[in-house]
Amino acid sequence: MKEHVQTKDWGLGLNGHVIIAGPCSAETPEQVEKVCLDMLEANAVPNIFRAGIWKPRTRPGSFEGIGEDGLKWMEIVRHHLNIPIATEVGNTAHVELALKYGVDVLWIGARTTVNPFAVQEIAEALKGVDVPVMVKNPMNPDLELWIGALERLHTVGITKLAAIHRGFSDAYDKRFRNKPNWSMPIHLKNKWKGMEVINDPSHIVGRRDGILETAQRAINFGLDGLMIETHHDPDKAWSDAKQQVTPKQLHDILAAIDFKHPLEQEPPTDKLHDLRTAVDHLDDQLLDILAERFALIDQIGAHKREHKLTVFQAERWKNVMESRTEKGLAKNLGEKFMKELLYCIHEESVKRQEKQLREGAPVEKNS
Ligand code: PEP
Ligand code: MN
């Protein structure tokens, strides 16, 4: 994947897990100052201060951000906290103003990431500018769209890049405001080597009481930082009141999190090495068994061809599914895992047999 610059090399004094905190929206100069003072008092000064200046709201008529005036108040943050400032940009006018007022880090919001036209316009406006940009995941769980937005920025020469995992909209799952889909940020990290992903538990959970748990999970999964919405008086916040925490609560959350060392940077211990070797060995056996299973499936396919039988037998499949799932459960394997595993195996079996019926030959590799 493309070369990019990680947070530690953004020239902003970042190191290790990046903590970004601040209000969902800048509201008044007094509010901005109070958040800063309370952060100092609670010993909860983040690495980067966040404040939304333009707010993409679902319905018109809600508070849509204070606009340019809010950028002027960022001096208050610099004065009290002396840390870099980040804000969301959603169009070229936002980019121009944010740069005019010296915002240190820009981010692209979830509602903008979904739109390649908008991301491209923002990217064009950033051509030739050396500013770090973070890209929130799109509202829908589409990894390519998330990576595509990062690529559009990279193509115009923005190399200081990071991603933000803020969860995905799901009309049916009400446990979260935005469902985390943990495999998504992990796939992103696997596909784009070295791409850091900062978790935003505030927008995932949507309520302040679940933030610690989600933040801890993010750290356990190896994500690289946290963005936590913080307000001196959350219940009175002009946006996202339910999910914001006070600076004191931010302090307590950060103190309670058990920060892990990224495995990539740690030499594996002997114990970890031995366990991994054992897993490698078992994986080899697993593959041998699967190859053996599919060789039998091919024989069944040949038999069905010879006797002019169809591939699929619903009753047989139902039995396989039920009996294997039951056995799996007894061995402490999850039901969802068993169903997905069996479905995968079955799909491959049907594909091989159907091909055999059509062509009379075992399926070649990689088909
Ligand atoms: C925000 O960070 O306040 C925000 C609007 O986030 P998202 O784009 O994740 O909804
Ligand atoms: Mn918000």
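Just above, that's the structure.
**A look at the coordination of the manganese ion (ligand 2)**
Part 1: The coordination sphere of the manganese ion (ligand 2), as far as protein atoms go, consists of Cys24 (SG), His203 (NE2), Glu229 (OE) and Asp240 (OD), spread over 2.1 to 2.4 Å.
Part 2: The sequence pattern formed by the donor residues of the manganese ion (ligand 2) is C-x178-H-x25-E-x10-D. Of this pair, histidine 203 sits in helix H9 (residues 201-205) while aspartate 240 sits in the loop between strand S8 (225-229) and helix H11 (247-256), placing them 37 residues apart in sequence. Aspartate 240 shares its class with histidine 203; the two are buried.

**Description of the pairing of strand S3 (residues 85-89)**
Both faces of the sheet carry side chains from a regular strand, because those side chains alternate between them.
Part 1: A large share of S3 lies buried, amounting to five of its five residues.
Part 2: Side-chain alternation along S3 places Ile85, Thr87 and Val89 on one buried face and Ala86 and Glu88 on a second face that is also buried.
Part 3: Relative to S3, strand S2 (residues 48-50) runs parallel, the two being bridged by two bridges. In the strand pairing of S3, arginine 50 is matched with alanine 86.

**Looking at the site of ligand 1**
Part 1: The local shell around ligand 1 consists of Cys24, Arg50, Lys55, Glu88, Trp107, Gly109, Ala110, Arg111, Lys136, Arg166, His203 and Glu229.
Part 2: Lysine 55 is positioned with one of its side-chain polar atoms (N or O) 2.8 Å from an oxygen atom of ligand 1.
Part 3: Histidine 203 has a polar side-chain atom sitting 3.3 Å from an oxygen atom of ligand 1.
Part 4: In the complex, 97% of the free accessible area of ligand 1, which totals 300 Å², lies under the protein chains.

**Focus: the side chain of serine 202**
Part 1: Looking at the secondary structure, you find serine 202 in helix H9.
Part 2: Serine 202 has contacts with Ile211, Met227, Ile228, Glu229 and Gln243, leaving out every residue within four places of it along the chain.

**Some remarks on the sheet that holds S3**
Part 1: On the basis of which strands lie adjacent, the closed barrel formed by eight strands has the order S1-S2-S3-S4-S5-S6-S7-S8 and parallel pairing. Shown here is a sheet whose adjacent strand axes are inclined to one another by a mean of 30 degrees, direction ignored.
Part 2: Taken together, the three bridges between strand S6 (residues 161-165) and strand S7 (residues 197-199) define a ladder with parallel strand orientation. Bridge pairing in S7 places alanine 163 opposite valine 197.
Part 3: Contacting S7 and S8, helix H10 (residues 211-220) runs over the sheet at an angle of about 165 degrees to S8.

**Some remarks on the nonpolar core**
Part 1: Counting residues in hydrophobic clusters, the biggest one holds 63 residues, and the most contacted among them are Phe49, Leu126, Leu153, Leu188 and Leu226.
Part 2: Per element, the largest residue contribution to this core is six residues, and it comes from helix H7 (residues 143-155).
Part 3: In contact with phenylalanine 49, not counting residues within four places along its chain, are Ala21, Gly22, Pro23, Val35, Cys36, Met39, Val77, Leu81, Ile83, Pro84, Ile85 and Ala86.
Part 4: Among the nonpolar cores identified, the runner-up in size contains 13 residues, and Trp10, Leu14, Ile48 and Met134 belong to it.

**Quick look at a negative patch on the surface**
Part 1: Taken together, the side chains of Asp280, Asp283, Asp284, Asp288 and Glu292 present a region of like negative charge at the surface.
Part 2: Position of aspartate 288 relative to the elements: it lies in helix H12 (residues 270-306).

**Side note on the side chain of aspartate 173**
Part 1: The topology assignment puts aspartate 173 in the loop between S6 and helix H8 (183-191).
Part 2: Its relative accessible area of 12% is what places aspartate 173 among the buried residues.

**Concerning the packing of H12 against helix H14 (residues 335-359)**
When two helices pack together, their arrangement is given by the angle between their axes and by how far apart the axes lie.
Part 1: In contact at an axis separation of 9 Å, H12 and H14 are set at 40 degrees when each is read in the N-to-C sense. Considering their axes alone, H12 and H14 lie oblique with respect to each other. As H12 packs across H14, the resulting crossing turns out to be right-handed. Across from Leu290, Arg293, Phe294, Ile297, Asp298, Ile300, Gly301, Ala302, Lys304 and Arg305 in H12, the residues of H14 making contact are Ile345, Glu348, Ser349, Arg352, Gln353, Gln356, Leu357, Arg358 and Glu359.
Part 2: Classifying every residue of the contact of H12 with H14 gives seven nonpolar, four polar and eight charged.

Rules of the game
- Residues numbered from 1 in each chain as written.
- Chains lettered and ligands numbered in written order.
- Predicted model: local features only at pLDDT ≥ 70, side-chain atom pairs only at ≥ 80, totals over all residues.
- Heavy atoms only, no water.
- Donors = N, O, S within 2.8 Å, 3.2 Å for Na, K, Ca; no water.
- Helix = DSSP H or I, 4+ residues; strand = E, 2+ residues; numbered from the N terminus.
- Buried < 20%, exposed > 50% of the residue type's maximum accessible area, 1.4 Å probe, protein only.
- Pairing = 2+ DSSP bridges.
- Near = heavy atom within 4 Å.
- Polar contact = N/O pair within 3.5 Å; in protein donor to acceptor, adjacent residues only side chain to side chain.
- Areas by Shrake-Rupley, 256 points an atom, 1.4 Å probe, with all protein chains shown as cover.
- Contact = heavy atoms within 4.5 Å.
- Axes fitted to C-alpha atoms, helices over the stretch in contact; angles between N-to-C directions.
- Core = buried A, V, L, I, M, F, W, Y, C linked by side-chain atoms within 4.5 Å.
- Patch = residues over 30% accessible without salt bridge, like charges linked within 9 Å, V, L, I, M, F, W, Y side chains within 5 Å.
- Salt bridge = Lys/Arg side-chain N within 4 Å of Asp/Glu carboxyl O.
- Lys, Arg positive; Asp, Glu negative; His and termini not counted.
- Charge placed at Lys NZ, Arg CZ, Asp CG, Glu CD.
- Parallel < 35°, antiparallel > 145°, perpendicular 65-115°, else oblique.
- Left-handed = near helix turned anticlockwise from the far one by under 90°.
- Nonpolar A, V, L, I, M, F, W, Y, C, P; charged D, E, K, R; others polar.

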